[in-house]
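Chain by chain, the residues:
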Amino acid sequence: MLCLAEGFDTFPTLLCADGCSMIDRRMDVYGYPIEIQALFYMALRCALVMLKHDGEGKDCIERIEKRLHALNYHMRSYFWLDFQQLNDIYRYKTEEYSHTAVNKFNVIPDSIPDWIFDFMPMRGGYFIGNVSPARMDFRWFCLGNCIAILSSLATPEQSMAIMDLIEARWDELVGEMPLKIAYPAIESHEWRIITGCDPKNTRWSYHNGGSWPVLLWLLTAACIKTGRPQIARQAIDLAETRLLKDGWPEYYDGKLGRFVGKQARKYQTWSIAGYLVAKMMLEDPSHLGMISLEEDKQRKPLMKRSSSWNC
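Since we're looking at a predicted model, the values are computed, not measured.

Undergrad: I'm lost on the packing of aromatic side chains in this one. Help?
TA: The description of an aromatic ring pair uses the distance of the two centres, along with the angle that the planes make with each other. Taken as a whole and assessed by the stated rule, the structure comprises 16 aromatic pairs. With 6.0 Å between their ring centres and 85 degrees between their planes, Trp115 and Tyr183 make a pair best called edge-to-face. On the criterion of sequence distance, the pair formed by Trp115 in helix H4 (residues 115–119) and Tyr183 in strand E6 (residues 182–183) is long-range, its members being 68 residues apart. Looking at Trp115, the relative accessible area reads 25%, which means it is partly exposed. Among the residues examined, Tyr183 registers a relative accessible area of 12% and is labelled buried. Seen in terms of ring centroids, Phe119 and Tyr126 are 6.1 Å apart; in terms of plane orientation they differ by 85 degrees. Their pairing is edge-to-face. Comparing Phe119 with Tyr126, the two get one shared label, buried. Taking NZ or CZ as reference, Arg135 lies 4.4 Å from the ring centre of Tyr30, over its face. Sitting over the face of the ring of Tyr206, Lys200 holds its NZ or CZ atom 4.4 Å from the ring centroid.

Written out as structure tokens, the structure is:
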């Protein structure tokens, strides 16, 4: 109930500190990280199924429904990025104050990183890492986007676009060992300032662009849900060439995920479990129902684009 209580926040998303998710060290994910918002959305939807429609449960259900409507609209509208949206942001005007403002968060177009213009394909899209006033984190985060598909936070069209992006940017997001936890890596002076010269999160290592085999099961589930199992099969085949031979490491380093992580623990439970779950889901896709929610056709956004969230 705490996360549904009235407060001063103007957004339906959850405000989080840095290091609050699977990325548990300083990596500039404070604010409203996609991982937490997608998990929050799924948690709220699961709560609706478990709560009784009487007494205190009814009041909680009403709060959840209201929050889901707002969160659904906010994420699909403001966190989603594809080629057209990127072009729109590139042409944004700033310092708009009317309710008709297009640039709701007053994002300065010059803050768009250079890498995103080459990374974004004509077909495809994804939920960016973070959105808050005057700040957009354009990095790709695998876990958040996969959970967005499984929870139906992403529309069917957005889910397919995420799969299109993974196929189009296979070398960057999958490489020689699935799967990049985040892309791209933070480097040089930016790395020193943001991570405090973290010796574990050096470029293309650990949480800073490292490749994590445990994410295979999430990718596989998302692929099955979108009707693209061949993508998961290709990723699993790739992982099978190395995982057993390398001793089931926690993560891999390098731009392509070619090297066993410099501090990676061997025989990691989640690396083995992620692989096994991925294989089992491919063999019997009916298992998907245990971790996936279909879109609620009755849930229509109640808010206009110009509206803000009120608890």
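Let us keep going from here.
Undergrad: Would you mind going over the environment of Asp246 with me for this structure?
TA: Structurally, the position occupied by Asp246 is in helix H11 (residues 243–246). Along the chain, Asp246 and Lys266 lie 20 residues apart, while their C-alpha atoms are 8.1 Å from each other. For Asp246, the residues in contact, after removing those within four places along its chain, are Tyr252, Val260 and Lys266. A polar contact of 2.7 Å, which involves the side chain of Asp246, links it to the side chain of Arg242.

Undergrad: Quick question: what am I supposed to make of the environment of Asp110 here?
TA: By the secondary structure assignment, Asp110 is in the loop between helix H3 (83–90) and H4. For Asp110, a relative accessible area of 74% corresponds to the exposed category. Between the C-alpha atom of Asp110 and that of Tyr90, which follows or precedes it by 20 residues, the distance is 7.9 Å.

Undergrad: Where do I start with the confidence of the model for the chain in this structure?
TA: In low-pLDDT segments, the atomic positions of the prediction should not be examined closely. In this model, the chain carries a mean pLDDT of 92, and residues with pLDDT of at least 70 account for 94%. In this model, residues 301–311 is a region of pLDDT below 50 whose contacts with residues beyond four sequence positions or in other chains number 27 contacts.

Here is what the cut-offs are and how they apply
- Residues numbered from 1 in each chain as written.
- Predicted model: local features only at pLDDT ≥ 70, side-chain atom pairs only at ≥ 80, totals over all residues.
- Heavy atoms only, no water.
- Phe/Tyr/Trp six-rings, centres within 6.5 Å; stacked < 30°, edge-to-face > 60°.
- Helix = DSSP H or I, 4+ residues; strand = E, 2+ residues; numbered from the N terminus.
- Buried < 20%, exposed > 50% of the residue type's maximum accessible area, 1.4 Å probe, protein only.
- Lys NZ or Arg CZ within 6 Å of the ring centre and 35° of its normal.
- Contact = heavy atoms within 4.5 Å.
- Polar contact = N/O pair within 3.5 Å; in protein donor to acceptor, adjacent residues only side chain to side chain.
- pLDDT = per-residue confidence, 0-100.

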